[in-house]
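Chain by chain, the residues run as shown.
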Amino acid sequence: MSEPSRKHGPWRRSLYFVAGWVLTAVGVIGLVLPLMPGTIFLIAAAWFFSRSSPRFEAWLLGHPKLGPQVVAWRRTGSIARKTKYIACGSMALSFALVAASDAPPVALWVTGACLIAAGTYVASRPEPAGD
């Protein structure tokens, strides 16, 4: 029996496995669509696979297009500069869309505060060596 099977019950392992694939799919979509972040979903997918399927975790980490950002995150918590720009730009656009809607003022304040916190975190992360 593999380590994930012993550590988590079969239902939890199955849910983690499904979540890993759903997050992988969303991450791939995010890499294709310029306004949606993909890396965060791939990082989460790797976490779920690490608890459900070491085989698919290894596949994701070793994938030439999907894996490097996840590996960099695991090693150093780093985010590439281009990824930072895309993430912060997406957050700014998201806020602009909320501001242009009929959202109540409290929604604007809460959204703005959350996006500022997230953007500050993203911007403060180190960049991988060579970026």
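Overview of the structure.

In terms of regular secondary structure, the protein is built from seven helices and zero strands. The C-alpha extent of the protein, read off along each of the three principal axes, is 55 × 40 × 25 Å. Counting the 131 residues in the protein, one finds 27% classified as buried. Summarising the internal contacts of the protein: among those between residues at least 6 apart in sequence, 58% fall at separations of at least 24. For the protein, the accessible area works out to roughly 8300 Å², and carbon and sulfur atoms hold 71% of it.

Before going further, it helps to spend a moment on the pattern of salt bridges. All told, the structure shown has three salt bridges when counted by the stated rule. Between Arg74 and Glu57 there is a salt bridge, with its nearest N and O atoms 2.7 Å apart. Here the residue Arg74 occupies a position in helix H5 (residues 67–76), and Glu57 occupies one in helix H4 (residues 54–62), the gap between them amounting to 17 residues. For Arg74, a relative accessible area of 40% puts it in the partly exposed group. The residue Glu127 makes a salt bridge to Arg81 at a minimum N-O spacing of 3.0 Å. Of this pair, Glu127 sits in the segment after helix H7 (105–124) while Arg81 sits in helix H6 (residues 81–100), and the two are 46 residues apart along the sequence. Residue class for Arg81 comes out partly exposed when judged on its relative accessible area of 42%. Three or more residues joined by partner-sharing salt bridges are found here, namely Arg81, Lys84 and Glu127.

Moving on, we get to H4. Taken as a whole, H4 has its buried residues at Phe56, Glu57 and Leu60. Taken around the axis of H4, the buried residues stretch over an arc of 105°, which confines them to a single face. Among the exposed residues of H4, those pointing more than 90 degrees away from its buried face are Arg55 and Gly62. In this structure, the buried side of H4 is in contact with helix H2 (10–32), helix H3 (39–50) and H5.

So, how was this worked out
- Residues numbered from 1 in each chain as written.
- Predicted model: local features only at pLDDT ≥ 70, side-chain atom pairs only at ≥ 80, totals over all residues.
- Heavy atoms only, no water.
- Helix = DSSP H or I, 4+ residues; strand = E, 2+ residues; numbered from the N terminus.
- Buried < 20%, exposed > 50% of the residue type's maximum accessible area, 1.4 Å probe, protein only.
- Contact = heavy atoms within 4.5 Å.
- Areas by Shrake-Rupley, 256 points an atom, 1.4 Å probe, with all protein chains shown as cover.
- Salt bridge = Lys/Arg side-chain N within 4 Å of Asp/Glu carboxyl O.
- Arc of directions from axis to C-beta.

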